[in-house]
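Chain residues, written in single-letter form:
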Amino acid sequence: MRALEGKRVVLTGSRKIEEISALIEKQGGISVQRPIQETKKCSVQELEPNIRRVIEDGTDWAVFTTGIGSAVLFDAAEQLNLQQAFIEALIKARIAVRGYKTAQIMKKYGIEPAVIDDDGTNDGLLRALEPFSFDQQNIYLQLHGEPVPKLVQWFEERNADVFQVLPYQTVVPDLNVVYQLIEEIINGTVDVVAFTASPQVRVLFKTAEKLAVLPQMIEAFQEKVVAAAVGKVTGSELTERGVQRVIVPEHERMGAMIVAIAAHYKKINV
């Protein structure tokens with residue numbers, strides 16, 4: 001018997017959904033598509049003032065928190081014929097990055113980070129920044145889809161001037177899909193919920209809280225529905241909300257997550 005035979009595996013993201021569904025079905029599972037979050041990139045015109053600000057005024061620090069957000073900025077700069085000037089301005093600054101994908105983007109453009117987090121999380125990034133002084137320093141802070149007050153507050157408490165940039169936003173395509181998924185989890189009509197980004201966790205749990213069914217949903221995750229996360233950051237979003245059983249692959253890849261889910265069922269079916 002294949003490891004996921006008959007198991008209903010929910011995918012909560014909208015990226016690579018067909019590819020991941022094929023992996024689930026190969027293991028005998030049933031792919032249940034419930035996209036509750038998608039990424040909406042800002043237009044080049046919207047990003048132009050943010051890019052020109054660095055080129056014209058410079059910055060002491062540039063902090064990049066996601067690979068996709070960094071890529072959107074560099075792509076927009078290229079379309080504006082400003083990419084080389086943008087890179088040159090960043091090379092003059094100190095660079096801090098969160099996550100291996102973000103570090104890869106910097107490497108692509110020949111930018112050497114002064115600071116790299118140790119675990120892919122915001123807390124890891126702040127730990128790495130702790131030895132530095134930010135008194136009266138200008139911070140160009142690329143955020144990941146939504147405001148992150150904790151990061152902004154950390155710099156402001158150290159007397160820094162923070163300029164926030166959101167190259168993309170996370171949005172909920174259809175709130176009815178979120179309602180449907182919450183009902184399926186509580187009723188146990190799905191077996192696994194696979195989260196491919198941390199905003200999906202926040203959307204699901206905040207909506208369950210508004211519906212006054214959060215305790216029932218957490219209980220369902222403990223007893224009958226398995227939670228899986230693509231990586232440590234997404235996994236920590238679940239554990240911080242009281243989900244004790246979370247499957248997280250060693251390598252942050254969607255395919256690796258499906259393999260880890262299959263390994264979980266192989267182990268308990270032995």
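It should be emphasised that the depicted structure is a prediction, and the values quoted were computed from it without experimental measurement.

A. Here's a closer look at the overall build of the protein. Along the backbone of the protein there are 12 helices and 12 strands. In terms of its C-alpha atoms, the protein occupies a principal-axis envelope of roughly 60 × 35 × 35 Å. Of all 270 residues assigned to the protein, the portion counted as buried reaches 51%. The contacts in the protein between residues at least 6 apart in sequence include a share of 65% that link residues at least 24 apart. When the accessible surface of the protein is totalled, it reaches about 13,300 Å², and 47% of it is carbon and sulfur. Taken as two groups, the 30 positive and 35 negative side-chain charges of the protein have centres that lie 6 Å from each other.

B. Summary view of the sheet that holds strand S11 (residues 226-229). If you trace the five strands from one edge of the open sheet to the other, you get S2-S1-S10-S11-S12, paired in parallel fashion. Among the strands making up the open sheet, the edge pair consists of strand S2 (30-33) and strand S12 (246-247). Bridge count between strand S10 (residues 192-195) and S11: four bridges; the pairing is parallel. By the bridge assignment for S11, valine 192 is matched with valine 226. Against the sheet, helix H11 (residues 232-239) touches S10, S11 and S12, its axis set at about 145 degrees to S11.

C. Representation of the nonpolar core within the structure. Residues Ile51, Phe74, Phe86 and Leu90 are the most contacted members of the largest nonpolar core, which totals 28 residues. Put simply, the parts of the chain that give this core at least two residues each are helix H2 (44-57), strand S4 (61-64), helix H3 (67-79), helix H4 (83-91), strand S5 (94-97), helix H5 (100-108) and strand S8 (161-165). Counting residues in each nonpolar core, the second largest holds 26 residues, with Val190, Val193, Ile218 and Ala227 among its members.

D. Structural view of the pattern of salt bridges. Here the structure, examined in full by the defined rule, presents 10 salt bridges. We note a salt bridge from arginine 2 to glutamate 5, for which the minimum N-O separation is 3.3 Å. Given a relative accessible area of 42%, arginine 2 falls into the partly exposed group. Measuring nitrogen to oxygen at the nearest pair gives 2.6 Å for the salt bridge that ties arginine 241 to glutamate 237. What makes glutamate 237 buried here is its relative accessible area of 13%.

E. Quick peek at the pairing of S5. Bridging between S4 and S5 involves four bridges; their strand directions are parallel. Along S5, the bridge assignment pairs alanine 62 with isoleucine 95. Alignment of S5 against strand S6 (residues 115-116), held across two bridges, turns out to be parallel. Looking across to S6, one finds that alanine 96 is bridged to valine 115. For the segment spanning S5, H5 and S6, crossover handedness is right-handed.

F. Representation of a positive patch on the surface. A cluster of basic residues, Arg15, Lys16, Lys101 and Arg253, forms a positive patch on the protein surface. You can see lysine 101 is positioned in helix H5.

G. Inspection of the environment of lysine 267 at higher detail. With respect to the secondary-structure elements, lysine 267 resides in helix H12 (residues 254-269). Distance in space between the C-alpha atoms of lysine 267 and alanine 3 is 9.2 Å, their sequence separation being 264 residues.

H. Structural context of the packing of H3 against H4. Two numbers describe how H3 lies on H4: the axes approach to 7 Å, and their chain directions differ by 135 degrees. The orientation of H3 with respect to H4, classified from their angle, is oblique. Residues Leu73, Phe74, Ala77 and Glu78 of H3 form the contact with H4, whose own contacting residues are Gln83, Phe86, Ile87 and Leu90. Classifying every residue of the contact of H3 with H4 by side-chain character gives six nonpolar, one polar and one charged.

I. Looking closely at the packing of aromatic side chains. Under the criterion given, the structure shown has 11 aromatic pairs. With 6.5 Å between their ring centres and 25 degrees between their planes, phenylalanine 64 and phenylalanine 74 make a pair best called stacked. Of this pair, phenylalanine 64 sits in strand S4 while phenylalanine 74 is found in helix H3, placing the two residues 10 residues apart along the sequence. Judged by its relative accessible area of 0%, phenylalanine 74 is buried.

The rules behind the values
Residues numbered from 1 in each chain as written. Predicted model: local features only at pLDDT ≥ 70, side-chain atom pairs only at ≥ 80, totals over all residues. Heavy atoms only, no water. Helix = DSSP H or I, 4+ residues; strand = E, 2+ residues; numbered from the N terminus. Buried < 20%, exposed > 50% of the residue type's maximum accessible area, 1.4 Å probe, protein only. Contact = heavy atoms within 4.5 Å. Areas by Shrake-Rupley, 256 points an atom, 1.4 Å probe, with all protein chains shown as cover. Lys, Arg positive; Asp, Glu negative; His and termini not counted. Charge placed at Lys NZ, Arg CZ, Asp CG, Glu CD. Pairing = 2+ DSSP bridges. Axes fitted to C-alpha atoms, helices over the stretch in contact; angles between N-to-C directions. Core = buried A, V, L, I, M, F, W, Y, C linked by side-chain atoms within 4.5 Å. Salt bridge = Lys/Arg side-chain N within 4 Å of Asp/Glu carboxyl O. Right-handed = clockwise from strand over helix to strand, strands pointing away. Patch = residues over 30% accessible without salt bridge, like charges linked within 9 Å, V, L, I, M, F, W, Y side chains within 5 Å. Parallel < 35°, antiparallel > 145°, perpendicular 65-115°, else oblique. Nonpolar A, V, L, I, M, F, W, Y, C, P; charged D, E, K, R; others polar. Phe/Tyr/Trp six-rings, centres within 6.5 Å; stacked < 30°, edge-to-face > 60°.

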